[in-house]
Amino acid sequence: MKTIKITSLFAFLFFYTIVFSQSETENEQLWIGYLTQSKISKNYSLWNDTHWVPDNFYIIRTGLTYHFDNKLKTTTTLGYALAWFYPMEGKETFKFEQRPWGQTTISHSSKSFNFFHRLRYEARFRSVIIANEKTSEYDFNFRFRYLFQAKLYFKNQPNSNRFYALVSDEIMFNSGDEITNGFRFDQNRIAIGLGYQTKNMTFQLAYMKQVILANTTDTHKVNHNLQFLVFHNFDFTKKQNP
């Protein structure tokens, strides 16, 4: 029954994203990401990730994660990110963003399924550009993000090396004085893909449709992303052999 409900939810989100996302522009993009988690003690690890979308943006993010001792594999992370956005048409200067952030994640399993929830908060300080030159001023707003991901691991595989299929959806909202009505939909990212997991690394290839609401109108921009992500886990608590 739970599987049917989850499948129905994603079917609705996928249908809504495709049918009701009237856009002014549509782009095809390559999205490359490298994400690491480095365990430094029983309950703490370092989070680092970087993402690059050619001709769109580049971001590096770091943080400190606390792992709770519970069955839901709950974690909380606090960190800081820097982002560079490629110049818009008719402009020559990259837009720079500083982004303190935090997140809480929960992971749980049911038979061959793994479910992942992530609630992320971002404080966005975005540089103001006038006449193609950066200024000392910043626009500021909050952004709240919720990601749900479901993985289905194929049967008859060793635990350390497994293939899986995935579906995910992430919805984002902006908040702040400069946002219309103080709270506004920002974008939605829905994805479907395949992955391969080893003991310390995971390789994931997916198609992600990204629907972004324009800041001042009700029109949408749609990006079709071919996304390739690499996840790498390190454990610095293990004793090294002499």
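Just above, that's the structure.
Here is a short report on the structure shown in this document.

Thresholds applied
Every chain is numbered independently, its residues counted from 1 as its sequence is written. Only residues with pLDDT of at least 70 are given local features in this predicted model, and only at 80 or more are side-chain atom pairs given and counted; all residues enter the totals for whole chains, interfaces and linings. Heavy atoms from the whole structure form the basis of all side-chain values; hydrogens and water molecules are not counted. The patch calculation keeps residues exceeding 30% relative accessible area without a salt bridge and links them within 9 Å when they carry like charges or within 5 Å when they are nonpolar (Val, Leu, Ile, Met, Phe, Trp, Tyr). Where accessible areas are quoted, they stem from the Shrake-Rupley method and a 1.4 Å probe; at the residue level, only the protein chains shown are allowed to cover. Basic side-chain nitrogens of Lys or Arg form a salt bridge, by our definition, when they fall within 4 Å of a carboxyl oxygen of Asp or Glu. The charge count treats Lys and Arg as positive and Asp and Glu as negative. His and the chain ends do not count. For this purpose, a charge sits on NZ of Lys, CZ of Arg, CG of Asp or CD of Glu. Each helix is a run of H or I in the DSSP string that is no shorter than four residues. Each strand is a run of E no shorter than two, and both are numbered from the N terminus. Each residue is assigned to one of three classes by its accessible area relative to the maximum for its type, calculated with a 1.4 Å probe on protein chains only: buried under 20%, partly exposed between the two thresholds, exposed over 50%. Contact between two residues is taken to exist if any of their heavy atoms lie within 4.5 Å; hydrogens are not considered. We call a set of buried Ala, Val, Leu, Ile, Met, Phe, Trp, Tyr and Cys residues a nonpolar core when their side-chain atoms join them within 4.5 Å. A pair of Phe, Tyr and Trp rings is counted when the ring centres sit within 6.5 Å of each other, with Trp represented by its six-membered ring. The angle between the planes then sorts it: under 30 degrees is stacked, over 60 is edge-to-face, the rest tilted. Over a ring means this: the NZ of a Lys or the CZ of an Arg is within 6 Å of the ring centre and within 35 degrees of the ring normal.

Taken together, the side chains of Lys39, Lys42, Lys199 and Lys238 present a region of like positive charge at the surface. Take Lys42: it is sitting in the loop between β1 (23-39) and β2 (44-53). Lys42 sits in the exposed class, given a relative accessible area of 65%.

Position of Glu137 among the secondary structure elements: in strand β7 (residues 133-153). Separated by 11 residues in sequence, Glu137 and Arg126 have C-alpha atoms that sit 8.5 Å apart. Contact partners of Glu137, with chain neighbours within four places excluded, come to Arg126, Ser127 and Val128.

Looking now at the nonpolar core. Counting residues in hydrophobic clusters, the biggest one holds 12 residues: Trp31, Leu35, Trp47, Val53, Phe57, Ile59, Ala81, Ala83, Trp101, Ala191, Met208 and Leu229. Broken down by secondary-structure element, the contributors of at least two residues to this core are β1, β2, β3 (57-67) and β4 (75-85). Excluding anything up to four places from it in sequence, Trp101 contacts Trp47, Arg61, Thr62, Gly63, Thr77, Leu78, Gly79, Tyr80, Ala81, Arg120, Tyr121 and Glu122.

Under the definition given, this model contains 18 aromatic pairs. When the ring of Tyr66 is compared with that of Phe68, the centres are 4.9 Å apart and the planes differ by 85°; the resulting orientation is edge-to-face. By relative accessible area, Tyr66 is classed as partly exposed at 27%. One aromatic cluster is present, formed by Tyr121, Phe125, Phe140, Phe142 and Phe144 through successive ring pairs. Between Arg61 and the ring centre of Trp101, over which it is positioned, the NZ or CZ distance is 5.7 Å. For the cation-ring pair, Lys151 lies above Tyr164, with the distance from its terminal atom to the ring centre recorded as 4.4 Å.

Another aspect to go through is the pattern of salt bridges. This model, assessed by the stated rule, comprises 10 salt bridges. Residue Glu122 pairs with Arg143 through a salt bridge whose shortest N-O separation is 2.8 Å. Residue Glu122 is found in strand β6 (residues 113-130), and its partner Arg143 is found in strand β7; the two are separated by 21 residues along the sequence. Across this residue pair, the class does not change: Glu122 and Arg143 are buried. Three or more residues joined by partner-sharing salt bridges are found here, namely Glu97, Arg99, Arg118, Glu122, Arg124, Arg143, Arg145, Glu170, Asp186 and Arg189.

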